[in-house]
Amino acid sequence: MLSVDEAMTSRRSVRSYLPDAVSRETVAHILNVAKRSPSGTNMQPWKVHVLMDVAKERMTNAVLKEFYGPSRPHEHEREPFYLEKMREPYLGRRRKVGWDMYGLVGIEKGEKEKMKAQAAENFRFFGAPVGLIFTVDEDFGFGSWLDIGMFLENVMLAARGQGLDTCAQAAFGSYYEVVRTVLGLDQTQTVVCGMSLGKEDSSAPISKLITDREDLDVFVNFLDE
Ligand SMILES: Cc1cc2nc3c(=O)[nH]c(=O)nc-3n(C[C@H](O)[C@H](O)[C@H](O)COP(=O)(O)O)c2cc1C
């Protein structure tokens with residue numbers, strides 16, 4: 001059994017998976033653990049759609065069709081999803097993880113087709129046997145999105161407890177219309193993000209990606225007087 005610290009520090013966004021199946025029982029176990037997440041006034045605003053086998057393939061095919069279709073701006077339903085205009089220090093951190101990742105898979109500056117092919121891997125859930133899509137009632141506000149964030153992390157940590165890996169994927173939110181159609185949802189649901197779930201293929205170059213974190217003095221303010 002992993003300690004809480006081990007579960008947190010061993011979690012990484014995994015972008016290459018072994019084909020080994022994950023049982024429905026294991027997914028249910030992970031979600032039963034994660035559902036103990038706190039939520040403001042215990043509203044439990046999260047909804048999870050578990051995609052396996054042909055259902056996962058249906059999602060992949062539908063989103064990839066859109067992804068490779070006539071180009072149009074793809075945005076999250078809730079904009080801006082991060083920032084209206086990226087600025088430092090966030091921009092630098094974002095660029096670093098992107099270039100570190102591209103470096104590992106041999107993509108250089110300007111290789112747009114290769115970048116697009118790497119981005120497409122999102123919609124194959126990076127080869128993971130299970131794909132999760134998280135949705136929320138479209139009229140839920142900031143507090144409920146905060147709750148879902150905690151739920152997402154708990155899913156990722158509960159997966160570690162089962163020896164499994166994950167990658168949260170906001171990429172699915174850019175294709176909310178097609179995702180909703182495949183899931184048979186109407187416009188009362190908004191797509192928050194997707195998540196790959198499976199066992200890491202540790203032999204893949206991309207699995208060597210270790211992301212940075214700032215020291216405490218950058219983001220913590222200790223006050224004692
Ligand atoms: C809400 C959320 C959405 C994310 N969306 C994507 C995504 O669409 N594609 C992807 O490859 N990684 C995605 N990530 C992973 C982040 O890039 C990753 O968490 C960050 O670079 C830190 O790396 P680590 O998770 O390995 O510690 C997402 C993470 C979060 C929390």
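None of the values given here were measured: they were computed from a predicted structure. (Residues numbered from 1 in each chain as written. Predicted model: local features only at pLDDT ≥ 70, side-chain atom pairs only at ≥ 80, totals over all residues. Heavy atoms only, no water.)

Structural notes on the pattern of salt bridges
Now for step 1: In total, this model carries ten salt bridges according to the counting rule given.
Now for step 2: A salt bridge links Arg11 to Glu153; the shortest N-O distance between them is 3.9 Å. In this pair, Arg11 sits in the loop between helix H1 (4–10) and helix H2 (24–34) while Glu153 sits in helix H6 (residues 142–161), placing the two residues 142 residues apart along the sequence.
Now for step 3: With relative accessibility at 29%, the residue Glu153 sits in the partly exposed group.
Now for step 4: Among the ionic pairs, Glu121 bridges to Arg124, the shortest N-O distance being 2.7 Å.
Now for step 5: Bridged by salt links that share partners, the residues Lys96, Asp100 and Asp212 form one connected network. (Salt bridge = Lys/Arg side-chain N within 4 Å of Asp/Glu carboxyl O. Helix = DSSP H or I, 4+ residues; strand = E, 2+ residues; numbered from the N terminus. Buried < 20%, exposed > 50% of the residue type's maximum accessible area, 1.4 Å probe, protein only.)

Side note on the nonpolar core
Now for step 1: Core analysis: the largest hydrophobic core is formed by 24 residues, its most contacted members being Phe134 and Val155.
Now for step 2: Where this core is concerned, the elements lending two or more residues are H2, strand E2 (130–137), H6 and strand E4 (189–198).
Now for step 3: When residues no more than four places from it in sequence are discounted, the contact partners of Val155 are Ile30, Leu31, Ala34, Leu132, Phe134 and Met195.
Now for step 4: Val14, Leu51, Val63 and Phe172 belong to the second largest nonpolar core, which has 21 residues in total. (Core = buried A, V, L, I, M, F, W, Y, C linked by side-chain atoms within 4.5 Å. Contact = heavy atoms within 4.5 Å.)

Remarks on a nonpolar patch on the surface
Now for step 1: A cluster of nonpolar side chains, contributed by Leu216, Val218, Phe219, Val220 and Phe222, occupies part of the molecular surface with about 540 Å² of accessible area.
Now for step 2: Within the element layout of this structure, Phe219 appears in helix H8 (residues 216–219).
Now for step 3: A relative accessible area of 57% means that Phe219 is categorised as exposed. (Patch = residues over 30% accessible without salt bridge, like charges linked within 9 Å, V, L, I, M, F, W, Y side chains within 5 Å. Areas by Shrake-Rupley, 256 points an atom, 1.4 Å probe, with all protein chains shown as cover.)

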